[in-house]
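# Structural characterization, general
Okay, here's what each chain looks like letter by letter:
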Amino acid sequence: MRHAATTSIIALALALAAASHPARADDAMIAAGRALAANGVMAERPGCASCHMQNGAGQPDVGIPRLAGLTEQQIATQLTYFATGARQSPAMAPSARQLSPAQRQQAAAYFASLPIPPQPDPLASPAASRTRGKDLYLNGDQRTGLIACAQCHGTTALGVGEFSPRLAGQSASYVEEQLRAWRKGAVRDPLGAFMRAEAGGMSLEDINAVAAYVASLGHTETQAP
Amino acid sequence: MKAKLLIGLAAAIGLAGTTASLVGVRPAQVGALVGMKSVPHLHQPRTDDEIPQGPYGDIIRQGEQIFRDPGTYAAAYVGNDLRCSNCHLNAGRLAGAAPMWAAYTAYPAYRSKTKKVDTFAERLQGCFDYSMNGKAPPLGDKVLVALETYSYFLAKGLPTGEIIEGHGFPPLPKPDLPGDYTRGGQVYAQNCASCHGAQGQGQSSGGKVVFPPLWGARSYNWGAGMTSIESAANFIRANMPLGLGGSLSVQQAWDVATFMDSQVRPQDPRFDGDVQSTRAKYANTPMSMYGRTVNGAVLGDPAVTPPARQMPPAATTN
C-alpha cells in the first residue's frame, strides 16, 4: 500500500516536472516578473516583493523564505501547488491564485534570476544546537535511522537541480516550519514522500537544530568538515 | 559451490568476509531496520563532536573529508564521480549501508576476490581500484591512513571477529521471477530517475556530484562489488530511494538491480584482452552481466566500454 502510493506520487512528480519544464527565461519574462514582484496584479493586493522583498531576500526573522537562489522551476512549481491547494498555505494561496500560469512563470523567472543577496545577520541560535544540527545534517542519526540531509541537499546545502532546494542561508524559521509540517504528514508536494519520511523521524529539537544549522551557512560555497 | 560464491560476493562488497545474515532479522524487516524504526542495540558510532583535538583528531577529520569528497581530497586516486558516502550512507555510519564501523572489525579476512588474507587497508585499496575506477593509494599513503583512522574512530567499542549487526547490506530472498531488465527499467524511471537521471548520469550541486552516476564512464567499473546484481539488489532494497528504504518490493529491487548492472560502465582493470576469458576469471557468476550481450552489445567489449582508470589530467602529475 505504502509502496503503491509512493510509486504513484513519484510518477506524478515526474509527469509534472515534464509538463512544466520551462523554456529558458528570457529578459522579457524576467522584466514582466520584476513588475509583478513590485506591483502585483491588482491595485488592492501588493506584489510579491511586499513580503519576499524586491531582491528576493525574504524576511528570515519572520519565516518568509528567501526566493533568490531557488530555480525557476522550483518557484513556479510551488506557486502552482499553492494555487491548486496541493500545498496548503493560507498566506500564499490567495496570491498564487491571482496569477495566471504565465504570470507564475514570470515571477519565478524573475526571482530565480536574482543574485543571492547578502545574508542578514542570522537570528542568534545556541552553538550547541548548531553543532547538533550540523551532525544531523551531515551524518544523520544512527539511533533513528535518519538519512543525512546532505545525501540529498549536498554537503554544502546548495540543493541539487530541481530535486532538492538550496538550504544554505535560508530562513531558520521557515525551514523549521516546513519540517514541522512534513513531520505532521503534510501532502504538499509529490516529492514529499522523501521529506515526510525524513521529518517523521526527527524530534522537534532535531528540527530546530537542523534549521539553525542550515540558516547559519553562508551563501557562498562552504565546505563540510 | 553456492556458499563459496556467496562468500565471494560478500567479501567483494567489503563486508565481513562472510555471509552471516543480520542476527534475528528477517528479510521482511529489512525496511524497518534501516528505515525510521529505532534499533537500540545497533552500534552507535561516535559523532563529529567527539573527535578529539590534536594531530590524531586531525587525521580522523581528514578521513571523513576524503570519505565525503574523495574527488577533491584524494584526487590522485579517483577516476570517476563517486563518493564513498554514496553507498556507505551517512558518511559510513548507517547500518545496512555497509557501515565503516562494521567493516573495520571484519579484517584481516580471507577474500575469494584476491585469494588471500587482506588487511583493512588492502580492502580500502580495492575500493579505489574498482568502485572509484581509480588507482589504489600505496599502503601507508596518507589517504589510506586517514580512512582507516576514521573507520577506527567510528568502530570504538565493537568486538573483533564477531558478526556485527547492521554490517554490509541486508541480504534479500530470491525474487519470485528472475530479475528482468525491462521491468527494471520501469522501476528505474518511476523511482530512481528523478535523482540519478534518465540516463543514469547522476546530478550535481555546486559543481560536485551529489547523486552518483550509476553507469557510464563516470561510474564504478566492472570489477566493483556493486556489479553483482545480488549486492546491488540488497543495497537498493534496504536503502533506496533515500529515506524510503524498504519501499520497493523484493522483486522490484532485483529487477532494477538487473537493469542497472546491465549497462555500459568502465572496464575491469584486470581485463586480460578477452572479455570471455576475463569473465571466466573474475566474473564467473550468474550475478554478473559482464561478457553478456545486452541491447546488441557485449558488456565489457572494448568497443563499447570506457577504459578503466580514467584519471583526471591533474591527478596524473601527483
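The rules behind each value
Residues numbered from 1 in each chain as written. Chains lettered and ligands numbered in written order. Predicted model: local features only at pLDDT ≥ 70, side-chain atom pairs only at ≥ 80, totals over all residues. Helix = DSSP H or I, 4+ residues; strand = E, 2+ residues; numbered from the N terminus. Buried ≥ 20, exposed ≤ 12 C-beta atoms within 10 Å, placed from the backbone. Contact = placed C-beta atoms within 7 Å. Domains from an automatic or database assignment. Nonpolar A, V, L, I, M, F, W, Y, C, P; charged D, E, K, R; others polar. Core = buried A, V, L, I, M, F, W, Y, C linked by C-beta atoms within 7 Å. pLDDT = per-residue confidence, 0-100. Axes fitted to C-alpha atoms, helices over the stretch in contact; angles between N-to-C directions. Parallel < 35°, antiparallel > 145°, perpendicular 65-115°, else oblique. Expected span 1.5 Å × (residues − 1). Pairing = 2+ DSSP bridges. Left-handed = near helix turned anticlockwise from the far one by under 90°.

### Here we look at the overall build of chain A
What chain A contains, in helices and strands, is 11 helices and zero strands. Taking all 225 residues of chain A together, the buried fraction comes to 48%. In chain A, the proportion of contacts linking residues at least 24 apart, taken out of those at least 6 apart, comes to 68%.

### Some remarks on the overall build of chain B
Check the secondary structure of chain B and you find 15 helices and six strands. Looking at chain B alone, contacts between residues at least 24 apart form 71% of all its contacts between residues at least 6 apart.

### Section: the domain arrangement of chain A
All names here are of chain A. For chain A, the assigned domains read domain 1 (2-113) and domain 2 (127-216). With 23 residues of domain 1 at the interface, the matching set in domain 2 holds 15 residues. Secondary structure elements with two or more residues in the side of domain 1 that touches domain 2: helix 1 (2-19) and helix 4 (72-84). Tallying contributions element by element places helix 1 first for the side of domain 1 that touches domain 2, with seven residues. Of the residues in the side of domain 1 that touches domain 2, the class split is 13 nonpolar, eight polar and two charged.

### Comments concerning the nonpolar core
In terms of nonpolar packing, the biggest core is built from 104 residues, with A:Tyr137, A:Val210, A:Ala211, A:Val214, B:Ile236 and B:Ala257 touching the most fellow members. At eight residues, the largest contribution of residues to this core is made by helix 11 (residues 204-216) of chain A. When near neighbours in sequence (up to four residues on either side) are disregarded, B:Ile236 contacts B:Leu248, B:Ala253, B:Val256 and B:Ala257. Membership of the second largest hydrophobic core comes to 23 residues, among which are A:Ala37, A:Cys48, A:Ala96 and A:Leu99.

### Considering the confidence of the model for chain B
Residue and element names in this part refer to chain B. Summing up the model confidence of chain B, the mean pLDDT is 87 and the portion of residues at 70 or higher is 85%. This stretch, residues 1-38, has a pLDDT under 50; its non-local contacts, to residues over four places away or in other chains, come to 95 contacts. For this predicted complex, the interface confidence reaches an ipTM of 0.74, while the overall pTM sits at 0.82.

### Here's the deal with the packing of helix 7 (residues 127-139) of chain A against helix 11 of chain A
Residue and element names in this part refer to chain A. Relative to each other, helix 7 and helix 11 sit at 90 degrees, their axes nearing to 7 Å. Compared by their axis directions, helix 7 and helix 11 come out roughly perpendicular. Of the residues in helix 11, those in contact with Ser129, Arg130, Arg132, Gly133, Lys134, Leu136 and Tyr137 of helix 7 are Asp206, Asn208, Ala209, Val210, Ala212, Tyr213, Val214 and Ser216.

### Some details on helix 9 (residues 142-154) of chain B
Taking 1.5 Å per residue, 13 residues should reach 18 Å; helix 9 of chain B reaches 18 Å between its end C-alpha atoms and fits that length. All buried positions along helix 9 of chain B are accounted for by B:Val143, B:Leu144, B:Ala146, B:Leu147, B:Glu148, B:Thr149, B:Tyr150, B:Ser151, B:Phe153 and B:Leu154.

### Looking at the confidence of the model for chain A
All names here are of chain A. The predicted model of chain A has a mean per-residue pLDDT of 85, with 84% of residues at 70 or higher. Across chain A, the secondary-structure element scoring lowest on mean pLDDT is helix 1, at 48, and the one scoring highest is helix 6 (residues 101-113), at 96. Every residue in residues 11-23 scores below 50 in pLDDT, and together they form 16 contacts with partners more than four places removed in sequence or on other chains. Contacts of residues 219-225 to residues separated by more than four positions or lying in other chains number 20 contacts, the stretch itself having pLDDT below 50.

### Some details on the pairing of strand 4 (residues 208-211) of chain B
For a regular strand, side chains alternate in direction, first toward one face of the sheet and then toward the other. Sheet topology places strand 3 (residues 203-205) of chain B next to strand 4 of chain B; three bridges connect them, and they run antiparallel. Across the sheet, the residue bridging to B:Ser205 is B:Lys208, located in strand 4 of chain B.

### Focus: the packing of helix 12 (residues 229-239) of chain B against helix 13 (residues 250-260) of chain B
Residue and element names in this part refer to chain B. At a closest axis distance of 8 Å, the pairing of helix 12 and helix 13 adopts a crossing angle of 130 degrees. Relative to helix 13, the element helix 12 is oriented oblique. Where helix 12 crosses over helix 13, the two elements pack in a sense that is right-handed. Between helix 12 and helix 13, the contacting residues are Ile229, Ala232, Ala233, Ile236 and Arg237 on the first element and Val250, Ala253, Trp254, Val256, Ala257, Thr258 and Met260 on the second.

### Here we look at the environment of B:Phe211
Relative to the helices and strands, B:Phe211 is located in strand 4. Separated by 37 residues in sequence, B:Phe211 and B:Lys174 have C-alpha atoms that sit 28 Å apart. In contact with B:Phe211, not counting residues within four places along its chain, are A:Val160, B:Cys195, B:His196, B:Gly202 and B:Gln203.

### Quick notes on unusual backbone geometry
Here the residue pair B:Tyr107 and B:Pro108 is connected by a cis peptide bond, since its omega of 5 degrees sits within 30 degrees of zero. Relative to the helices and strands, B:Pro108 resides in the loop between helix 7 (100-104) and strand 1 (109-111). Residues B:Met240 and B:Pro241 are joined by a peptide bond in cis, for which omega reads -15 degrees. Relative to the helices and strands, B:Pro241 is located in the loop between helix 12 and helix 13. Phi is positive for A:Ala157, close to 60 degrees, though the residue is something other than glycine. Along the chain, the position of A:Ala157 falls in the loop between helix 8 (150-153) and helix 9 (172-183).

### A short note on helix 4 of chain A
Residues and elements named next belong to chain A. Counted at 1.5 Å a residue, the expected span for helix 4 with its 13 residues is 18 Å, and the 18 Å between its end C-alpha atoms agrees. Most of helix 4 is tucked away, with 10 of its 13 residues classed as buried. Looking at helix 4, one finds that the buried residues are Glu72, Gln74, Ile75, Ala76, Thr77, Gln78, Leu79, Tyr81, Phe82 and Ala83. Trailing helix 4 by a residue or two, Gly85 shows a phi angle of about 90 degrees, which is positive.

### Notes on the environment of B:Ala106
Structurally, the position occupied by B:Ala106 is in the loop between helix 7 and strand 1. As for B:Ala106 and B:Phe169, which are separated by 63 residues in sequence, their C-alpha atoms are 14 Å apart.

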